[in-house]
Amino acid sequence: MLRINRNTSALTVSLLFGLLSTTSCGFDDGYDKEDTGDDNVKVAFRMAFVNDNTRAVNDGWGEYDPTDPGDAYENAINADQLQIKVCDKDGNIIGDVQDVRVIEKQITGTWENAGALLKKANKIMVFANCGTANVTQDNISSLAFRVDQTKQYIPMWGVTTLTKDLVVGKQNNLGTIDLLRSLAKVKVKMADGMKARGYALGSITFNNYNTEGFTLPLTYNTSKNTKEILFSSSLNAKPSWSQSVTMTNTTTDEESIMLYIPEYDNKTAAADKKASVTLNLKCDGMDDGTYTLQFCNYVDGVADPSTLYNIQRNHYYEYTVNKDDRLNVTLKVLKWNKRTHSVIIM
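Calculation rules
- Residues numbered from 1 in each chain as written.
- Predicted model: local features only at pLDDT ≥ 70, side-chain atom pairs only at ≥ 80, totals over all residues.
- Heavy atoms only, no water.
- Helix = DSSP H or I, 4+ residues; strand = E, 2+ residues; numbered from the N terminus.
- Buried < 20%, exposed > 50% of the residue type's maximum accessible area, 1.4 Å probe, protein only.
- Contact = heavy atoms within 4.5 Å.
- Pairing = 2+ DSSP bridges.
- Axes fitted to C-alpha atoms, helices over the stretch in contact; angles between N-to-C directions.
- Core = buried A, V, L, I, M, F, W, Y, C linked by side-chain atoms within 4.5 Å.
- Salt bridge = Lys/Arg side-chain N within 4 Å of Asp/Glu carboxyl O.
- Phe/Tyr/Trp six-rings, centres within 6.5 Å; stacked < 30°, edge-to-face > 60°.
- Lys NZ or Arg CZ within 6 Å of the ring centre and 35° of its normal.

**Student:** Quick one: what's the story with the overall build of the chain, residue by residue and with numbers?
**Tutor:** A tally of regular secondary structure across the chain gives 1 helix and 24 strands. Residues classed as buried in the chain amount to 52% of the 346 residues present. Of the contacts formed within the chain by residues at least 6 apart in sequence, a portion of 75% connects residues at least 24 apart.

Here is the structure:
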């Protein structure tokens, strides 16, 4: 559902997919009323976050039940930075939805003076937290952000293809439009029981990353809906390399630390520019070694550098470290969702 947080002037999305599903509940009564504008088209829809396969269906999926509760920051939407565009079948913008409003559990708006363009309407795109500048056909492919601009809101985008023609003078129910976050989330955490044995996370540095990102995935104009975007073909990294950044917590969590970063083409990066995490581990207050965590598959706790991962939007990279006679590392690459995850078996 959507609700307005009146203290922060932001929209918060509760990820209750049973409620958001277009088959589980309809919109409020009264949205079929005639409009006085001869060429005006009204639309209404709900928003959710992508919670489905973002890779090919046969790439291997399993279930994972994390304890991480997520962060409200990950799901906040600025009501003043919400744009809705009508597009043709090729993803070209042909119309702007104006007078965008949040009414209870849905978003509504009006495409004014649709006229002859109505026949070309094929897709609806939603832009959230993408700044106040108007999105146009001339700038859509180059929309970008700096990571320091995302401290409060993460840029998001979504698309849906119309299943029936838009009707002039009536409210058109578009169902649910899923949003894709433009950042990736990286987390390093200690395994259960390590804190009780005296271990603690020392300094953690993220090496080689982009300071800027493109708002849209590479296949934004050819995708029929957000859920169909494939992990393997949608990377749209904006080259803006930086050597390192210190990972710091905004909470008092002593057993894990997180970082939000733009996409990074790690597979094609030069050998000295591969993404990694430098971890300093402590035990009983003393240094217990410095370790490098790589973005690759781990077998029996050991990295396999031949299986490098790119860092991609809307994905959650979770390292779990455990120390016995040596450091054992597990890396799970997950679809990022506040309440539920499915693990990607790479």
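So, next bit.
**Student:** Account for the sheet that holds strand E19 (residues 286–294), naming residues and giving values.
**Tutor:** Ordered by their spatial adjacency, 4 strands build an open sheet running E16-E14-E18-E19, and the pairing between neighbours is antiparallel. Edge positions in the sheet fall to strand E16 (241–246) and E19, since each has one partner strand and no second. Put simply, the sheet's adjacent strands are angled 15° from each other on average, direction ignored. Relative to strand E18 (residues 276–283), strand E14 (residues 199–210) runs antiparallel, the two being bridged by 7 bridges. Within E18, the residue paired with Ala200 across the bridge is Lys282.

**Student:** An account of unusual backbone geometry is requested, with residue identities and associated values reported.
**Tutor:** Although it is not a glycine, Asp99 sits at a positive phi angle of roughly 50°. Mapped onto the elements of the fold, Asp99 is located in strand E7 (residues 93–103). For Asp99, a relative accessible area of 42% corresponds to the partly exposed category. Located in the positive-phi region is Asn208, a residue other than glycine, with phi close to 65°. Within the secondary structure layout, Asn208 lies in strand E14. For Asn208, a relative accessible area of 7% translates into the label buried.

**Student:** Outline the nonpolar core, supporting the account with residue identities and numerical values.
**Tutor:** In this structure, Phe206, Val277, Leu293, Phe295, Ile311, Tyr317 and Tyr319 are the most contacted members of the largest nonpolar core, which totals 38 residues. Mapped onto this core, the elements with two or more residues apiece are strand E13 (184–190), E14, strand E17 (256–261), E18, E19, strand E20 (296–299), strand E22 (315–323) and strand E23 (327–335). A total of 5 residues in this core trace back to one element, the largest contributor, which is E14. Apart from residues no more than four positions distant in its own chain, Val277 is found in contact with Val188, Ile204, Thr205, Phe206, Asn207, Met247, Tyr291, Thr292, Leu293, Phe295 and Tyr319. Listed in part, the 30 residues of the second largest apolar core include Val97, Trp111, Phe145 and Leu174.

**Student:** Go over the pattern of salt bridges, please, and point to the residues and values.
**Tutor:** The full count for this structure, using the stated rule, is 10 salt bridges. Residues Glu74 and Lys185 are paired through a salt bridge, measuring 2.8 Å at the closest nitrogen-oxygen approach. Taken together, the residues Glu74 in the loop between strand E4 (61–64) and strand E5 (76–78) and Lys185 in strand E13 connect sequence positions 111 residues apart. Measuring nitrogen to oxygen at the nearest pair gives 3.0 Å for the salt bridge that ties Arg101 to Asp99. Exposure remark for Arg101: the relative accessible area of 48% places this residue in the partly exposed category.

**Student:** An account of the packing of aromatic side chains is requested, with residue identities and associated values reported.
**Tutor:** A complete count under the given rule lists 6 aromatic pairs for this structure. Each ring, one from Tyr73 and one from Tyr260, has its centre 5.1 Å from the other, and the planes form 75°; the classification is edge-to-face. With Tyr73 in the loop between E4 and E5 and Tyr260 in strand E17, this pair connects stretches of sequence that are 187 residues apart. Of the two residues, Tyr73 and Tyr260, both sit in the buried class. Considering the side-chain rings of Phe295 and Tyr317, the 5.6 Å spacing of their centres and the 65° angle between planes classify their relative orientation as edge-to-face. Of the two residues, Phe295 is situated in the loop between E19 and E20 and Tyr317 in strand E22; the sequence distance between them amounts to 22 residues. A single burial state applies to Phe295 and to Tyr317, both of which are buried. Following the ring pairs from residue to residue traces out a cluster consisting of Phe206, Tyr209, Phe295, Tyr298, Tyr317 and Tyr319. Lying over the aromatic face of Tyr316, Lys185 brings its terminal NZ or CZ to 4.4 Å of the ring centre. The side chain of Lys273 reaches across the aromatic face of Trp241, ending 4.6 Å from its centre.

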